[in-house]
Amino acid sequence: MIIQPQIQGVVARSCHPFGCQAAVSEQIAKSQTQQSSSDALPKRVLILGASSGFGLASRIALAFGPAKADTIGVSFERGVSDKGIGSAGWYNNIFFHQAAEQDELVSTNIVGDAFSSEIREQVAKAIEQDLGGQVDLVVYSLATGIRPNPETGEFWRSAIRPVGESVEGYSVNFEKNSLDKVSLPPATEQEIDETIKVMGGEDWLSWMQFLTERNLLAKGCETVAYSYIGPEHTHAIYHKGTLGLAKTHLHHTRDDINTLLESIKGNANIAVCKALVTKASVFIPGLTPYLLALYRVMKDKGLHEGCIEQMNRLFYGKWHDAADRDAEGLIRIDDWELRADIQLEVNALLAEMTSENFDNIGDYQGVLGEFLQLNGFAFPSVDYNQDVDIEALKALHP
Ligand code: NAI
Ligand code: NA
């Protein structure tokens, strides 16, 4: 079978397994060249949200960089079936695992709903059986639009909305190669509350409580969750909107987790990341024009980073300099994005950008290319005319 990209708006309905393999290999190569003089690198790591974006990059950086960590990765992905080829994250898990095995690293994939108690039990078992009973680091990198309410089984749904007043902006459509005007009404109280339930810190805390109760955290265990703040230009839709309120909740949760981890001298961290094209971020209306301008400017200045560059810089750089935190104690790997010279140029591009010229003014080809690559397409090294053997894929398991 020949697999073509099938894009619907900002959602990819197909993925290319060989391209996912290329994506994982490229990231591995970028971590293998990292160096670290720290003797405090984590050796046993649990990653929640391990199959794509920042979570996958964290896992690759920690396994294939100087930490050489054994990992357990939790994700929610679909395999190949008669209905379709499955999701990119499914193949990322498979090819990560193959590469880790070659390096004699432990790598366990657990595929299922990280919010469920069943998956918590599977993780507990895997930590005992595969990692010798405890972990040194928990990476919390889930991104989702829904979370089941454990008491009722009904779903909380996040809504990406401004708070207080409506916002006009533009959203990209990768299917039509267009930038479309969107008007976002302000969130209702319920939308605010539910977004905080889904993307705030409650589940992170609950995972850390579970792991603490089961004595699965090593002495000095660290945890990190990822956040975004962004410049003034994106505040109405992000930082001061529903997602930003959820992130503020996440930031406060760090204090609760620090209290929880006191007895094991553990530590909770927030790393504020750069705006990047991921499966989750292309859903944020109003953010894409900013991404188009940011990619152009950061590439021009030689400062562009993808998820793997960010995670390498986090775990082999910023992490170890305790003095390198902002006033709130957050780790800022969005430091280059927010540099005044970058933002000045980004704002100048945004002031000119319209639905007609966005592909010229901004780095549309770059953003589209990264989006396609998230799904295994647009890799120069992959021959897309090659037949993909579906039966052989069915035999692969994460
Ligand atoms: P992503 O969509 O690439 O990855 C999300 C991961 O969560 C995937 O591995 C997915 O399988 C997993 N997942 C989702 N629902 C799940 C469930 N119910 N059970 C188990 N696994 C589940 O997203 P991305 O962008 O890497 O986001 C990760 C974190 O980074 C989020 O907190 C996000 O807010 C944050 N972040 C993202 C930025 C961006 O520009 N993309 C910037 C700054 C922070
Ligand atoms: Na992730």
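Everything numeric here is computed off the predicted structure, so don't read it as measured data. Residue numbers restart at each chain and count upward from 1, following the sequence in its written direction. Here chains are named by letter from A upward and ligands by number from 1 upward, in the order in which they appear as written. Reporting in this predicted model follows two pLDDT cut-offs: at least 70 for local features of residues, and 80 or more for side-chain atom pairs to be given and counted; totals over whole chains, interfaces and linings ignore these cut-offs and use all residues. Water and hydrogen atoms play no part in the side-chain values, which are based on all heavy atoms of the structure.

Quick look at the packing of helix 2 (residues 53-64) against helix 3 (residues 88-102)
Phase 1 of the analysis: Here an angle of 0 to 180 degrees is reported between the N-to-C directions of two axes, which are lines fitted to C-alpha atoms, with helices fitted over the stretch in contact. Each helix corresponds to a stretch of at least 4 residues labelled H or I by DSSP, and each strand to a stretch of at least 2 residues labelled E; elements are numbered beginning at the N terminus. It is at 12 Å that the axes of helix 2 and helix 3 come closest, and there the two elements cross at 5 degrees. As judged from the angle between their axes, helix 2 and helix 3 are roughly parallel. From helix 2, Leu56, Arg59, Ile60, Ala63 and Phe64 reach across to helix 3, where they touch Asn92, Asn93, Phe96, Ala99 and Ala100.
Phase 2 of the analysis: In the scheme used here, Gly and all other residues not listed as nonpolar or charged are polar, with Ala, Val, Leu, Ile, Met, Phe, Trp, Tyr, Cys and Pro taken as nonpolar and Asp, Glu, Lys and Arg as charged. Here the residues of the contact of helix 2 with helix 3 are counted per class, giving seven nonpolar, two polar and one charged. Roughly parallel covers angles under 35 degrees, roughly antiparallel covers those over 145, roughly perpendicular covers 65 to 115, and oblique covers all other angles. Two residues form a contact once any of their heavy atoms are found within 4.5 Å.

Structural notes on the environment of proline 398
Phase 1 of the analysis: By secondary structure assignment, the location of proline 398 is in the segment after helix 14 (390-394).
Phase 2 of the analysis: Considered as a pair, proline 398 and isoleucine 94 are 304 residues apart in the sequence and their alpha carbons are 4.3 Å apart.
Phase 3 of the analysis: Once residues within four sequence positions are removed from consideration, proline 398 is found in contact with Trp90, Asn93, Ile94, His97, Asn109 and Val111.

Observations regarding the sheet that holds strand 13 (residues 331-332)
Phase 1 of the analysis: One open sheet accounts for seven strands, arranged 5-4-3-6-11-12-13; its pairing is parallel. Whereas interior strands pair on both sides, the edge strands pair on one side only; in this sheet they are strand 5 (107-111) and strand 13.
Phase 2 of the analysis: The rule for pairing is simple: two strands pair if DSSP sees at least two bridges between them. Judged from the five bridges that link them, strand 4 (residues 70-75) and strand 5 form a sheet pairing that is parallel. Looking at the pairing, glycine 73 lines up with asparagine 109 of strand 5.
Phase 3 of the analysis: Those strands touched by helix 4 (residues 117-130) are strand 3 (44-48), strand 4, strand 5 and strand 6 (135-140), and its axis lies near 170 degrees from that of strand 5.
Phase 4 of the analysis: Of the strands in this sheet, strand 11 (217-227) and strand 12 (267-272) touch helix 8 (residues 242-260), which is tilted by about 160 degrees from strand 12.

Here's the deal with the pattern of salt bridges
Phase 1 of the analysis: In what follows, salt bridge is the name for a side-chain nitrogen of Lys or Arg lying within 4 Å of a carboxyl oxygen of Asp or Glu. Summed over all chains, the structure comprises 20 salt bridges.
Phase 2 of the analysis: When the shortest N-O distance is used, the salt bridge between aspartate 82 and lysine 394 registers 3.2 Å. Placement of the pair is aspartate 82 in the loop between strand 4 and helix 3 and lysine 394 in helix 14, with a sequence separation of 312 residues.
Phase 3 of the analysis: The buried label applies to any residue whose accessible area, calculated with a 1.4 Å probe on protein chains only, is under 20% of its type's maximum; exposed applies above 50%, and partly exposed to all values in between. The exposure class of aspartate 82 is exposed, given its relative accessible area of 77%.
Phase 4 of the analysis: The partner of aspartate 334 in a salt bridge is arginine 332, with the nearest N and O atoms 2.8 Å apart.

Digging into the coordination of the sodium ion (ligand 2)
Phase 1 of the analysis: Donor atoms are limited to N, O and S found within 2.8 Å of the metal ion, a distance that becomes 3.2 Å for Na, K and Ca. With water left out, some sites might look partial. The protein atoms that coordinate the sodium ion (ligand 2) are Gly49 (O), Ser52 (O), Gly55 (N), Ser141 (O) and Ser141 (OG), at distances spanning 2.7 to 3.1 Å.
Phase 2 of the analysis: Taken in sequence order, the residues that donate to the sodium ion (ligand 2) follow the motif G-x2-S-x2-G-x85-S.
Phase 3 of the analysis: With a relative accessible area of 0%, glycine 55 lands in the buried category.

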